[in-house]
Amino acid sequence: MWTTAIVLAVLVFWAVGAYNRLIRLRSAALQAFAVLDGHLVRWLALLGEYEAAAGAAVGDHAQAAVAAAGGQFAAALAVVRAHPLDAGAAAALAAGAQVLETAWQSLVQSAALQSEGVAPPALAPWVQQREQLALQSAPAQQQFNDAVAQYNAAVAQFPASVLAWLFDFRKAQAL
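Quick caveat: nothing in here was measured; it's all calculated off a predicted structure.

*Asks:* Looking at this structure, how should I read the packing of aromatic side chains?
*Replies:* The relation between two aromatic rings is expressed through the spacing of the ring centres and the mutual angle of the planes. Under the counting rule described, the total for this entry stands at six aromatic pairs. Aromatic pair Trp43 and Trp104: ring centres 5.6 Å apart, planes at 90°, arrangement edge-to-face. Of this pair, Trp43 sits in helix H1 (residues 2-54) while Trp104 sits in helix H3 (residues 87-114), and the two are 61 residues apart along the sequence. Side by side, Trp43 and Trp104 carry an identical accessibility label, which is buried. These aromatic residues form a ring-pair network of at least three members: Trp43, Tyr50, Trp104 and Trp126. When the ring centre of Trp43 is taken as reference, the NZ or CZ atom of Arg130 above it lies at 4.0 Å.

What follows is the structure, given as structure tokens:
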């Protein structure tokens with residue numbers, strides 16, 4: 001009888017500790033996303049400022065592509081905000097970010113072609129701000145990806161995976 005009580009107590013203490021570890025890692029990933037979210041919002045704000053200032057100076061097709069990609073990215077970001085560790089939502093956000101970056105680079109190249117190989121001076125501040133923002137957001141994205149990797153490792157690790165299944169902790173997706 002004492003043996004059963006001791007084994008049961010050890011099992012309960014282990015379960016509480018493992019659950020707390022999963023919660024702590026999940027919380028760290030959510031906090032890392034909150035920091036990254038600030039950078040992503042600044043990128044959307046920069047796009048909005050550019051669209052308001054640029055008008056039709058560069059070309060309607062390239063600007064329309066950036067505007068459409070920005071809308072897709074904003075929608076994906078809104079979904080991820082609601083569920084930051086949802087793998088499907090994170091995959092959609094990563095795809096939206098790639099489409100937006102491609103559209104932005106296409107806009108810059110289109111502007112450079114129209115002005116004989118050099119980006120027009122009116123676009124230069126926006127390009128510079130985007131590059132600075134990308135440099136600033138890279139560490140935040142890496143921190144989020146690291147936190148997600150640690151969380152995913154804990155969710156997959158046996159016997160904590162039993163608790164993860166029981167409490168519906170699912171693997172997340174890095175960006």
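Alright, that's what it looks like, and here's the rest.
*Asks:* Is there a simple way to think about the side chain of Gln63 in this case?
*Replies:* As for its placement among the helices and strands, Gln63 is situated in helix H2 (residues 60-82). At 3.1 Å, the side chain of Gln63 forms a polar contact with the side chain of Tyr50.

*Asks:* Looking at this structure, how should I read the environment of Val108?
*Replies:* Structurally, Val108 is set in helix H3. In this structure, the C-alpha to C-alpha distance between Val108 and Val127, residues 19 residues apart in sequence, is 7.7 Å. The residues touching Val108, leaving out its near neighbours within four places in the chain, are Leu123 and Val127.

Analysis parameters
Residues numbered from 1 in each chain as written. Predicted model: local features only at pLDDT ≥ 70, side-chain atom pairs only at ≥ 80, totals over all residues. Heavy atoms only, no water. Phe/Tyr/Trp six-rings, centres within 6.5 Å; stacked < 30°, edge-to-face > 60°. Helix = DSSP H or I, 4+ residues; strand = E, 2+ residues; numbered from the N terminus. Buried < 20%, exposed > 50% of the residue type's maximum accessible area, 1.4 Å probe, protein only. Lys NZ or Arg CZ within 6 Å of the ring centre and 35° of its normal. Polar contact = N/O pair within 3.5 Å; in protein donor to acceptor, adjacent residues only side chain to side chain. Contact = heavy atoms within 4.5 Å.

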